[in-house]
Each structure stands twice: as structure tokens, then as C-alpha cells.
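Chain residues, written in single-letter form:
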Amino acid sequence: MSENRTGIFCQNVWKIYGPNPESVLEMAGNGITKQEVLEQTGHVIAVKNASFEVKENEAFVIMGLSGSGKSTLVRLINRLIELTTGTIMIDGSDVAKMDDNQLRELRRHKLSMVFQNFGLLPHRNVQDNVAFGLEIRNEHGDERQAKVLQALELVGLKGWEKSRIHELSGGMQQRVGLARAFASDPEIILMDEPFSALDPLIRRQMQDEFITLRARMQRTVVFITHDLLEALKLGDRIAIMKDGEIVQIGTPEEIVTQPADDYVSEFVKDVPLGSVLPVTSIMEEAPVVVVGDDSIESTLDEMKEKRATVAFITETDGKLIGITTMEKVISSARNGVSKVREIAQQDYPSAHADTPSEQCLPLVAEGNLPVAILDDRHRLLGVVNRANLISSLQSGDSNGN
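Residues numbered from 1 in each chain as written. Predicted model: local features only at pLDDT ≥ 70, side-chain atom pairs only at ≥ 80, totals over all residues. Heavy atoms only, no water.

Caption draft 1: Fine view of the overall build of the protein. Along the backbone of the protein there are 16 helices and 16 strands. If you line up the protein on its principal axes, its C-alpha atoms span 90 × 60 × 40 Å. A burial count over the protein gives 48% of its 401 residues as buried. Per element, the accessible surface of the protein, about 19400 Å² overall, is 46% carbon and sulfur. A distance of 5 Å separates the average location of the 42 positive side-chain charges in the protein from that of its 59 negative side-chain charges. (Helix = DSSP H or I, 4+ residues; strand = E, 2+ residues; numbered from the N terminus. Buried < 20%, exposed > 50% of the residue type's maximum accessible area, 1.4 Å probe, protein only. Areas by Shrake-Rupley, 256 points an atom, 1.4 Å probe, with all protein chains shown as cover. Lys, Arg positive; Asp, Glu negative; His and termini not counted. Charge placed at Lys NZ, Arg CZ, Asp CG, Glu CD.)

In C-alpha cells:
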């Protein structure tokens, strides 16, 4: 994810339904509740003073119960609904100030939207549904067809081009909706509860496929859901809404371990920490780390000094070569082996830094070796052993203490 560019910037965004919404702004700003405003004025506050930004290539999840304002907020972003007041900027352009032509260009070239009910055209086959957005952009011929086929292959629907929509399962129909969004190659994809109408098993499969698609197709995504576990699984960051207000924004780990108020605490109380906390939050420093060209003798001395049964062998840049055990080091010293690199064992448990902690349980259960935690360049960041993993999952202590 880019740390420098903001894809979407929202500041002090309000949406009030009623004959005179401006009259409600001052009243609502003085702390009166949404219900009190409705009872006293007949106006409905759908979104109240929402401010947030979505970074380029970030998956930003807006989560809340029915009536919290999340779907209204996402429709304000692409101006399917007109905001009452506030600022919504997309790549530096004020959406509220766009004329009809500018707004049309925004929707055709920069934004795509995926709906809960799929939004497909039943009289068209699969490929014609996917091509619909390209048609609106006046793209034709081989170039359009190539984009359609590429998008269908991306979502696993190659070979279904001529099928009618009614012949597809719910999960396959949602894939068509995703393919249509990807075909137009947008910078930003808005997704309004896209998986909520699916059966639980299909929903989990679509969530997994969505994660895979995001890894292959870097895009800025705003994802709406009422399901906390879905939000935690899919979001780089999560905004939790209640009664039109954003009550907390944070990473999945922050939301679960540092809830902002009782409302968020109630949401996350039953969330298993191991499914959210990355292994980096509980890992320890490896007890013995040696460079591949270090001698067997110096490695043995360090392992004895630190009473370590395992040593991690790396290149000078920290890239992990392998591991070795005390038993192997002692026998190698007796046999005249000179460099520790020569006895590096390639078969060892490892996990990427982003791996949820609970996924390390099978790794530590298989043997007594600690799990090596690696970054994208295969450099050793730390280790997780059975004791601190089980302790942290039982206690909910993200530091493993």
C-alpha cells in the first residue's frame, strides 16, 4: 500500500434527509442524538460529520449494523446520493463540485461499484454483462473483448462467457459482478455488502478469492459490510459506524485489542485474538543467529553460552539460510566441518510476518522447533515457540507476556 497518496479524502461529511437539512446542522453539532433530531424536527441524520481518508491500494472497510449509515456513506463517495455538506476528494478533485460530464468521466474511468444484489442484466449473457461498462465508454472490437476475457479469467469464469445469468449460482453471479468491475480497470472499487446475499460457505470462498484478487490486482477498495469477522479478514483498516457516526478507525489488531468505547468492545468481545493478531505481535528475538560463514566452533560457543538448542543461520543481509541444532553442531565439530553454512537444515517451520497467530499452532504442534517469522525478502524477523504462542492466545496478551 502506498504511504504517500490518498485515493479518497472525506472531511466533515453530513447527509441529512428532510425538507430543511441545513437547519439541523447546528442542532446536531451541539450533541443532540439522531433519535432526538428525528423526534423534534422530522429529519433523519444518515451520516454525521464523517472524516477519514483511504490510501492508494488500501482495502478500507466500513462496518456497521443496519441503519448505521455505511451504505449511504459509500454512495456519497460516487455521488449516487448528494451530500448535505462536507468535502469528498478523489485524487485531489472535489466530487461535490463536479459537473455532469466530470462526474460521468469519474464513474466511467476511475470508479467501479459492486452491489449486494449483483446488479446484473438478466437478458445479457456473462460476457455481455462484463462488457457493459466498456460499452458505456464506447470501447469496441478486439480490445474490449480482450479486456472481458481477461477479467473473466481473473475471477475464474473462463469458459462461461456465453452462459445466461440465470444459469449461474449466486457465487458465480457475484464473480460476474467482480469481473465487470475489474474489466474497466478502475483505480477505486466501491463494494456495498457484495457477499452478504451468499450462503456462508460460498461467502467464505468469495472472501478468500477477493484477498487473492487484491494481491494480483492492486486497487483502492472501499468495502461495506455488517459482518465484523468479514471486516477483520478483508480490511487493512476498518471504520466502525453507529447512528451515522464513525466511532473508531483502526487496523484489525487495533480494533480488537484497543476498542474505542463500550459499543466497539461489545462487538469484538467474542473475536478469537489468534485470528486477528499477526505473529509479529507475539514473536521473540531468535536466541542464536549466526552468519553462514561463521565457524562451527564460534556457533557452538554461543549456543552453549545462551543455552540454546537451535541456531538460525542467515546471510549477512539477514536472509534465512536454515537452522541447525546443538546435536548437529557438536557432531560437525568432531568431524572437522568448518563453516556453519555447511550444516544448515532446510526443513524448518516458518511463517510470513502477516500470518495470523492461530495459524502457527499446527507448526509448533508438529515438533519442538520454533517457527521462523520471515518478511517478504525471506529475512528473519524473530521466532515464535510453543510456550509463548499458547500463552498469548490464552491470555489475549499481544506481546506474548
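Caption draft 2: The packing of aromatic side chains, seen in detail. Across all of its chains, the model carries 5 aromatic pairs by this definition. On the numbers, 5.6 Å between centres and 50° between planes, the contact of F210 with F223 is tilted. With F210 in helix α9 (residues 200-216) and F223 in strand β8 (residues 220-225), the pair connects residues that are 13 residues apart, well separated along the chain. In terms of burial, F210 and F223 fall into one category: buried. Put simply, the rings of F195, F210 and F223 pair up and form one aromatic cluster. (Phe/Tyr/Trp six-rings, centres within 6.5 Å; stacked < 30°, edge-to-face > 60°.)

Caption draft 3: Main features of the sheet that holds strand β14 (residues 350-352). Read across the sheet, 3 strands follow the order β14-β15-β16 without closing on themselves; strand pairing throughout is mixed. Each edge of the open sheet is held by one strand with a lone partner, namely β14 and β16 (380-384). With direction set aside, neighbouring strand axes in the sheet form an average angle of 30°. Pairing between β14 and strand β15 (residues 371-374): 3 bridges, direction parallel. Each residue of the ladder has a partner; that of H352, found in β15, is L374. (Pairing = 2+ DSSP bridges. Axes fitted to C-alpha atoms, helices over the stretch in contact; angles between N-to-C directions.)

Caption draft 4: Inspection of the sheet that holds strand β13 (residues 320-325) at higher detail. The sheet built from 3 strands is open, its strands ordered β11-β12-β13 with mixed pairing. Both outer strands of the open sheet, β11 (289-291) and β13, are each paired with one neighbouring strand and no more. Averaged over all neighbouring strand pairs, the angle between strand axes comes to 30°, with direction disregarded. By the bridge criterion, 5 bridges tie strand β12 (residues 310-314) to β13 in an arrangement that is antiparallel. Its bridge partner being in β13, V310 is matched across the sheet by T325.

Caption draft 5: Layout of empty space enclosed by the protein. Applying the stated criterion to the full structure yields 1 cavity of 30 Å³ or more. Considering only enclosed or pocket space, the largest cavity measures out at about 30 Å³ in volume. Surrounding the largest cavity, L76, R79, E82, L83, I88, V95 and A96 form its lining. The residue makeup of the lining of the largest cavity, split by class, is 5 nonpolar, no polar and 2 charged. (1 Å grid on protein atoms, 1.4 Å probe; cavity = no way out; pocket = protein on both sides within 12 Å on 5 of 7 lines; lining within 4 Å. Points joined across faces, edges and corners; volume = space filled by probe spheres on them. Nonpolar A, V, L, I, M, F, W, Y, C, P; charged D, E, K, R; others polar.)

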